[in-house]
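Listed below are the residues making up each chain.
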There are 2 protein chains.
Amino acid sequence: MKLITRDTDYALRALCSIAQSKAPVTSVSALVQELQIPRPFLRKILQCLNKEGLLVSYKGKGGGFSLSLHPDKIYLLDLISIFQGDLKLNECVFKKQVCPNKARCPLSKKLALIEEQTVSVLKDVTVQSLVNENQRPEYKV
Amino acid sequence: MKLITRDTDYALRALCSIAQSKAPVTSVSALVQELQIPRPFLRKILQCLNKEGLLVSYKGKGGGFSLSLHPDKIYLLDLISIFQGDLKLNECVFKKQVCPNKARCPLSKKLALIEEQTVSVLKDVTVQSLVNENQRPEYKV
DNA sequence: TGCATATGATACCATTATGGTATCATTTGT
DNA sequence: ACAAATGATACCATAATGGTATCATATGCA
Ligand code: FES
Ligand code: FES
């Protein structure tokens, strides 16, 4: 079971990379160079992030992307939401015949608890928390 | 993100149904009748559970399946393991260039924590815990 | 003994999600 | 004007999921 899919992953890496860049804008080429992500796929992802308001784009020569939010305000949970939809673990195990009394269903309760715990753990993972902090070299890849 | 896939779900329902049955063996026909699961798919699942040692099968007229373990010893986690493989949330976000220092990666730690919590919540979900207990009608479906 | 009824084994198929390409249009610095 | 960048969009390949189809084998019973 993948909690984080490829596009979310790539988006996260790209955002971290842009956040760490000294230049005011970062081009796709620079990111491809650094992250080794397939160029057209990365472009699609960045365009999406732009539409979602996480990036600002600059067209034309010397163009590229820059963050439109402080790295502290870019949450992994938002990326997951964008690329994978809302984190819903399981609506109900009994798909067709829905539980007559969901509130009393023990499994349903446990799934809800797991979801809650998961969100709680992920909620303070931001781009900021992944870069620079203690100079973690792994996130500069 | 689905924590529980269709076959795991169906297997769980079937096992609960067999556990609740008064008869010594339960036929596929009876289960199809009760659970409204596509017959050939259910057969495949039951054959799998038989191979895995969770069910005993009886061929021929009047045949069917019965539990080979006490419902208390049939864990949802085992079903998940059988049908979905081991519950690994994410080996590593950076797929190709693996972290030079995994132990220091904050995201990796969080994913491990989530996995741990998830297992911890699920580990006492057994067939027994889902049937009869307080006569929950929803699990008799 | 023979047959209906049940599971065992296995191969195949349809749909969807994921991961990725390809192409052309538009903007912009020089 | 032109090269260098992104915007938009349609398409494609692979794998996972969910499901079928078919034939072989075992068994209870008339
Ligand atoms: S099975 Fe639907 S909520 Fe319990
Ligand atoms: S990114 Fe691989 S363990 Fe942190």
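Residues numbered from 1 in each chain as written. Chains lettered and ligands numbered in written order. Predicted model: local features only at pLDDT ≥ 70, side-chain atom pairs only at ≥ 80, totals over all residues. Heavy atoms only, no water.

S.K.: Break down the packing of helix α3 (residues 39-51) of chain A against helix α4 (residues 76-84) of chain A for me, citing the residues and quoting the values.
M.R.: Any two packed helices are characterised by the angle at which their axes cross and by the distance between the axes. Residues and elements named next belong to chain A. Look at α3 against α4: their axes get within 11 Å of each other, and the N-to-C directions meet at 110°. It follows from the interaxial angle that α3 and α4 lie roughly perpendicular. Viewed along their axes, α3 and α4 form a crossing whose handedness is right-handed. Across the interface between the two elements, I45, C48 and L49 of α3 pack against L79, I82 and F83 of α4. Class assignment for the residues of the contact of α3 with α4 results in six nonpolar, no polar and no charged. (Axes fitted to C-alpha atoms, helices over the stretch in contact; angles between N-to-C directions. Helix = DSSP H or I, 4+ residues; strand = E, 2+ residues; numbered from the N terminus. Parallel < 35°, antiparallel > 145°, perpendicular 65-115°, else oblique. Left-handed = near helix turned anticlockwise from the far one by under 90°. Contact = heavy atoms within 4.5 Å. Nonpolar A, V, L, I, M, F, W, Y, C, P; charged D, E, K, R; others polar.)

S.K.: So, the protein's contact with DNA strand C: which residues are in play, and what are the values?
M.R.: Close contacts around DNA strand C come from 26 residues, with F41 and K44 of chain A together with R43, N50 and S57 of chain B the closest. By atom count, sugar and phosphate contribute 60% of the portion of DNA strand C lying within 4 Å of the protein. Contact between DNA strand C and R6 of chain A: a phosphate oxygen at 3.3 Å from a main-chain N or O atom of the residue. At 3.0 Å, a side-chain N or O of Q47 of chain B approaches a base nitrogen of DNA strand C. Looking at the surface near DNA strand C, the elements that each hand over two or more residues are α1 (6-20) and α3 of chain A together with α3 (39-51), β1 (55-58) and β2 (64-67) of chain B. (Near = heavy atom within 4 Å. Polar contact = N/O pair within 3.5 Å; in protein donor to acceptor, adjacent residues only side chain to side chain.)

S.K.: Go over the protein's contact with DNA strand D with me, naming the residues and quoting the values.
M.R.: Near DNA strand D, the surroundings consist of 26 residues, among which R43, N50 and S57 of chain A together with F41 and K44 of chain B are the closest. What you see for DNA strand D is that sugar and phosphate hold 60% of its atoms within 4 Å of the protein. A distance of 2.6 Å separates a phosphate oxygen of DNA strand D from a polar side-chain atom of S57 of chain A. The contact in question runs from a phosphate oxygen of DNA strand D to an N or O atom on the side chain of K2 of chain B, over 3.1 Å.

S.K.: Go over the state of the cysteines with me, naming the residues and quoting the values.
M.R.: Inspection of every chain in the model, using the stated rule, returns zero disulfides over all chains. Distance from the sulfur of C48 of chain A, which forms no disulfide, to the nearest cysteine sulfur (C16 of chain A) is 17 Å. (Disulfide = S-S within 2.5 Å.)

S.K.: How would you explain the packing of aromatic side chains if you had to name every residue and give the values?
M.R.: Residue and element names in this part refer to chain A. In this structure the tally under the stated criterion is two aromatic pairs over all chains. With a centroid separation of 5.7 Å and an interplanar angle of 75°, the aromatic rings of Y10 and F41 are classed as edge-to-face. Note that Y10 is positioned in helix α1 and F41 in helix α3, a separation of 31 residues in sequence. (Phe/Tyr/Trp six-rings, centres within 6.5 Å; stacked < 30°, edge-to-face > 60°.)

S.K.: Pulling in residues and values, what's your account of the environment of L35 of chain B?
M.R.: Structurally, L35 of chain B is set in helix α2 (residues 28-35). Remark: the alpha-carbon pair of L35 of chain B and S17 of chain B, spanning 18 residues in sequence, is separated by 8.3 Å.

S.K.: Please give an account of α3 of chain B that cites residues and values.
M.R.: All names here are of chain B. Counted at 1.5 Å a residue, the expected span for α3 with its 13 residues is 18 Å, and the 18 Å between its end C-alpha atoms agrees. Along α3, the residues that are buried comprise L42, I45, L46 and L49. Along α3, the residues classed as buried sweep out an arc of 100° about the axis, all on the same side. Exposed positions of α3 whose direction lies more than 90 degrees from the buried face are P40, K44 and K51. A positive phi of about 85° marks G53, the residue just after α3. (Expected span 1.5 Å × (residues − 1). Buried < 20%, exposed > 50% of the residue type's maximum accessible area, 1.4 Å probe, protein only. Arc of directions from axis to C-beta.)

S.K.: Help me get a handle on the pairing of β1 of chain B, residues and values and all.
M.R.: Residue and element names in this part refer to chain B. When β1 meets β2, the two strands line up antiparallel, connected through four bridges. Across the sheet, residue L55 finds its bridge partner in β2, namely L67. Taking the residues that link successive antiparallel strands as the turn, the β1-β2 hairpin has five residues, and the phi of G60 there is positive, at about 80°. (Pairing = 2+ DSSP bridges.)

S.K.: Kindly report on the pattern of salt bridges, identifying the contributing residues and their values.
M.R.: Enumeration over the complete set of coordinates arrives at four salt bridges over all chains. Residues D124 of chain B and K110 of chain A are paired through a salt bridge, measuring 3.5 Å at the closest nitrogen-oxygen approach. Of the two residues, D124 of chain B sits in the loop between α5 (106-122) and α6 (127-130) while K110 of chain A sits in helix α5 (residues 106-122), which places them in two different chains. When the shortest N-O distance is used, the salt bridge between K88 of chain B and E115 of chain B registers 3.2 Å. (Salt bridge = Lys/Arg side-chain N within 4 Å of Asp/Glu carboxyl O.)

S.K.: Could you give an account of the environment of P40 of chain A, naming the residues involved and the relevant values?
M.R.: Relative to the helices and strands, P40 of chain A is located in helix α3. P40 of chain A gets classed as exposed once you look at its relative accessible area, which sits at 63%.

S.K.: Which residues make up unusual backbone geometry, and what are the values?
M.R.: You will see that Q36 of chain A, though not glycine, has its phi angle at about 60°, which is positive. The topology assignment puts Q36 of chain A in the loop between α2 (28-35) and α3.

S.K.: Describe α5 of chain A, listing the residues and the values that go with them.
M.R.: Given a rise of 1.5 Å per residue, 17 residues ought to cover 24 Å, and the 25 Å separating the end C-alpha atoms of α5 of chain A matches this to within 8%. Looking at α5 of chain A, one finds that the buried residues are P106, L107, L111, I114, E115, T118, V121 and L122 of chain A. Against the buried residues of α5 of chain A lie α4 of chain A together with α1 (6-20), α4 (76-84), α5 and α6 of chain B.

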